[in-house]
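# Chain and residue survey
Residues per chain are reported as follows:
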Amino acid sequence: MIKLCIPEIGLDEINAIKEVLESGMLVQGEKVFEFEKKIEKYLNVKNAIAVSSGTAALHLSLMALGVKSEDEVIVPDFTFPATANVVESVGANCKFVDINLESFCIDVDKIEEKITNKTKVIMPVQEFGQSSDMDKIVELAKKYNLKIIEDAACALGTEYKGKKVGTIGDLGCFSLHPRKAITTGEGGIIVTNDDKLAEKVRILRNHGISYENGKAEFVSAGLNYRMTDIQGAMALIQIGKLEKINEKRKELAEYYNEVLKKIKSIKIPKEECYGKHVWQTYHILVQSDIDRNKLINDLRENGIEANFGAYAVHNQHYYKNKYQIDGLENSVYAYEKGIALPLYAKLDKSEIKYIGDTLEKLL
Ligand SMILES: *Cc1c(COP(=O)(O)O)cnc(C)c1O
């Protein structure tokens, strides 16, 4: 079976983890701190805060901005539901916006109509490693005095007009889940150029503790969203591999496009919308008359692990019950007719060729 994704883990990670285990210092410490410094340098951002997952990063970002009950947050409808779940978990409401089928990111021309006097935050998702049209989002945020949290879970290294995504909004969130380019098993990162927000996030990550003259004071109702030093040690090795992994993924994605472009019933993804794409997922769309679920099964029968790429969130059980909204056609189309194909740095071009030949045979 050609797997959808295989993380890049070698002896270096195993040895780094072993060293931490043998030291007996397992919780957040030097390794996490060092990793945060590396991320600050890589993204050219003032503060990086490592946390236990991408979802934790998003949740803490909303908490740090004081988003609360009855507030509204603008989210794209086509994403992994964690983007919306965190909004609900602080008691706020989601305002779902349709996506653009070129980038699979939020359709910026449909944001303004969803803004009300309760709106506090726009949360664009840098879907599959492609950037949203951030200029328009920044302009709207300024016009209506809103904050921006970038869900850049899939987009470590992605650029928008030469700038690293995650550093354009007030806060940016990344994931280190095994489905992303680099991983610590579970893990996340929050970045911000705002020192005050960074301080809030650091306090909230650690039970709401602030150290006043060396004494722990519980200054807010925080959580424990810390990253362990076991993960920190692994992260330090992984971040060293990121650029190489992203380059390789780009090369393979471009090869996929070359192989698949001749198949008429497939729409291949755009290589770049506003800058560097890191290809966390290689995501195609099939023509509306094709049974996507059957195609996924047929691919599996041919030894190819494929899956749908993301969800139309408003159609998922909880959101359907709560909001009862229709429309959002592009999101629904991407959810029903999208397929994520295998992509990881060690995938061989001959395997991509085989996947292309199999798709051609099946369609
Ligand atoms: C992976 C992902 C998340 C969640 O990250 P975790 O680290 O799994 O919690 C959130 N949003 C998007 C867009 C993602 O792809």
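All figures in this text were calculated on a predicted structure; none of them were measured in a lab.

Attention shifts here to a nonpolar patch on the surface. Together, I9, L11 and I14 make up an exposed nonpolar region whose accessible area comes to about 310 Å². In this fold, I9 is placed in the segment before α1 (11–23). Accessibility expressed as a relative area gives 45% for I9, which makes it partly exposed.

The next point concerns the domain arrangement of the protein. Often, the extent of an interface is quoted as the loss of accessible area on bringing the components together. As assigned here, the protein comprises domain 1 (11–239) and domain 2 (242–362). Placing a centre on the C-alpha atoms of domain 1 and another on those of domain 2 gives a separation of 25 Å. Contacts between the two partners involve 43 residues from domain 1, matched on the other side by 37 residues from domain 2. At the boundary of domain 1 with domain 2, total buried surface from both sides reaches about 3,500 Å², with 57% on carbon and sulfur atoms. In this structure, the connection of domain 1 to domain 2 is made through 3 salt bridges. Across the pair E102 and K270 runs a salt bridge whose closest N-O atoms are separated by 3.9 Å. At the junction of domain 1 with domain 2, the criterion picks out 30 residue pairs in polar contact (both at pLDDT 80 or more). Counting residues per element, the ones that place at least two in the side of domain 1 that touches domain 2 are β3 (78–79), α4 (82–89), β4 (93–97), β7 (159–160) and α7 (229–260).

We now examine the side chain of H59. Positionally, H59 belongs in helix α3 (residues 54–64). Of the residues examined, H59 reaches a relative accessible area of 14% and is grouped as buried. Within the local environment of H59, its side chain forms a polar contact with the side chain of Y225, the two groups lying 2.9 Å apart. Those residues in contact with H59, other than ones at most four positions away along the chain, are V86, S89, V90, L223 and Y225.

The rules behind these values
- Residues numbered from 1 in each chain as written.
- Predicted model: local features only at pLDDT ≥ 70, side-chain atom pairs only at ≥ 80, totals over all residues.
- Heavy atoms only, no water.
- Patch = residues over 30% accessible without salt bridge, like charges linked within 9 Å, V, L, I, M, F, W, Y side chains within 5 Å.
- Areas by Shrake-Rupley, 256 points an atom, 1.4 Å probe, with all protein chains shown as cover.
- Salt bridge = Lys/Arg side-chain N within 4 Å of Asp/Glu carboxyl O.
- Helix = DSSP H or I, 4+ residues; strand = E, 2+ residues; numbered from the N terminus.
- Buried < 20%, exposed > 50% of the residue type's maximum accessible area, 1.4 Å probe, protein only.
- Domains from an automatic or database assignment.
- Contact = heavy atoms within 4.5 Å.
- Buried area = accessible area lost by both parts, 1.4 Å probe.
- Polar contact = N/O pair within 3.5 Å; in protein donor to acceptor, adjacent residues only side chain to side chain.

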